[in-house]
Amino acid sequence: MFSLVYKSVLATNLSSESLNNMLQKARLFNREKSITGCLLHHKGEIIQLIEGDETEVKSLFKKIQKDKRHEKIIVLNTEENLFRMFGKWSMIYTNINANNTLTYQEKRELFNTIYHSSDVSCVPGISKLALWKEANLILSS
Ligand SMILES: Cc1cc2nc3c(=O)[nH]c(=O)nc-3n(C[C@H](O)[C@H](O)[C@H](O)COP(=O)(O)O)c2cc1C
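The structure displayed is predicted, hence computed values, not measured ones. (Residues numbered from 1 in each chain as written. Predicted model: local features only at pLDDT ≥ 70, side-chain atom pairs only at ≥ 80, totals over all residues.)

A. View of the overall build of the protein chain. Helix and strand counts for the protein chain come out as four helices and five strands. Counting from the amino terminus, the protein chain carries its helices and strands in the arrangement β-α-β-β-α-β-β-α-α. Expressed as a percentage of the 141 residues in the protein chain, the buried residues total 25%. (Helix = DSSP H or I, 4+ residues; strand = E, 2+ residues; numbered from the N terminus. Buried ≥ 20, exposed ≤ 12 C-beta atoms within 10 Å, placed from the backbone.)

B. Layout of the site of the ligand. Looking at the ligand, there are 14 residues lining it, with Ala26, Phe29, Lys63, Asp67 and Arg69 nearest. Counting only elements with at least two residues in the shell around the ligand, the list comes to α1 (16–32), β3 (45–52) and α2 (54–66). Per-element accounting of the shell around the ligand gives the leading share, four residues, to α1. Taken together, the residues of the shell around the ligand break down into eight nonpolar, three polar and three charged. (Near = placed C-beta within 6 Å. Nonpolar A, V, L, I, M, F, W, Y, C, P; charged D, E, K, R; others polar.)

C. Main features of the sheet that holds strand β4 (residues 70–80). The strand order across the open sheet built from five strands is β4-β1-β3-β2-β5, with neighbouring strands paired in mixed fashion. The sheet is open, and its two edges are formed by β4 and β5 (92–95), each paired on a single side. This sheet shows a mean twist of 15° between the axes of neighbouring strands, independent of strand direction. Relative to β3, strand β2 (residues 36–42) runs antiparallel, the two sharing seven bridges. (Pairing = 2+ DSSP bridges. Axes fitted to C-alpha atoms, helices over the stretch in contact; angles between N-to-C directions.)

D. Just the nonpolar core, in detail. Core analysis: the biggest nonpolar cluster contains 17 residues, and Leu4, Val5, Cys38, Leu39, Leu40, Leu49 and Ile50 have the highest contact counts within it. Contributions of two or more residues to this core are made by β1 (2–10), β2 and β3. (Core = buried A, V, L, I, M, F, W, Y, C linked by C-beta atoms within 7 Å.)

E. Just α1, in detail. End to end, α1 covers 24 Å across 17 residues, agreeing with the expected 24 Å (1.5 Å per residue, within 8%). Positive phi shows up at Ser34, right after α1, with a value of about 55°. (Expected span 1.5 Å × (residues − 1).)

F. Focus on the confidence of the model for the protein chain. Per-residue confidence for the protein chain gives a mean pLDDT of 81; residues scoring 70 or more make up 68%. Across residues 119–124 the pLDDT falls below 50, and counting only partners more than four positions away or on other chains, this stretch makes six contacts in the model. (pLDDT = per-residue confidence, 0-100. Contact = placed C-beta atoms within 7 Å.)

G. Local environment of the pairing of β2. Judged by how many residues are buried, β2 sits mostly within the fold: five of seven residues are covered. Turn length for the β2-β3 hairpin, with the two strands adjacent in sequence and antiparallel, is two residues, and the turn residue Lys43 shows positive phi of about 45°. The pairing of β2 with β5 spans four bridges and is classified as parallel. Its bridge partner being in β5, Cys38 is matched across the sheet by Ile92.

Listed below in structure tokens is the structure:
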């Protein structure tokens, strides 16, 4: 199971409606290709984890990199895992904003930790894996 995590910044003129439309299409595509993952959004900053077959993930990421709806795309981590972390979701989306009152603090901290965590690493990072497991837990609650 191959996973790729990147961060980016959304185009400033991107409406939440366009983002939702994009996500609907993305989920259909991902389901078809057995790709799962998680998209965190905090004030225009994005972190996405995509997992699945390595060829499929890399080919999807090539398209995502060319997408004009975001910029400043930086790969944070790629790794081979035994299991899917987001197996239940073709692409779970969370906008971490103050309206998500219950776990807002937790989610914001998590987002900041991952977003500002170390540079590109192709070596499996145990701490990063732990972070995503935590994200998985928080997003499920
Ligand atoms: C932040 C962000 C995340 C995206 N995530 C996915 C995704 O998980 N799956 C997907 O099929 N498209 C995703 N897309 C859309 C792709 O960039 C692209 O538009 C889509 O794969 C269709 O590409 P095509 O028109 O070249 O076939 C995402 C776009 C953005 C801006």
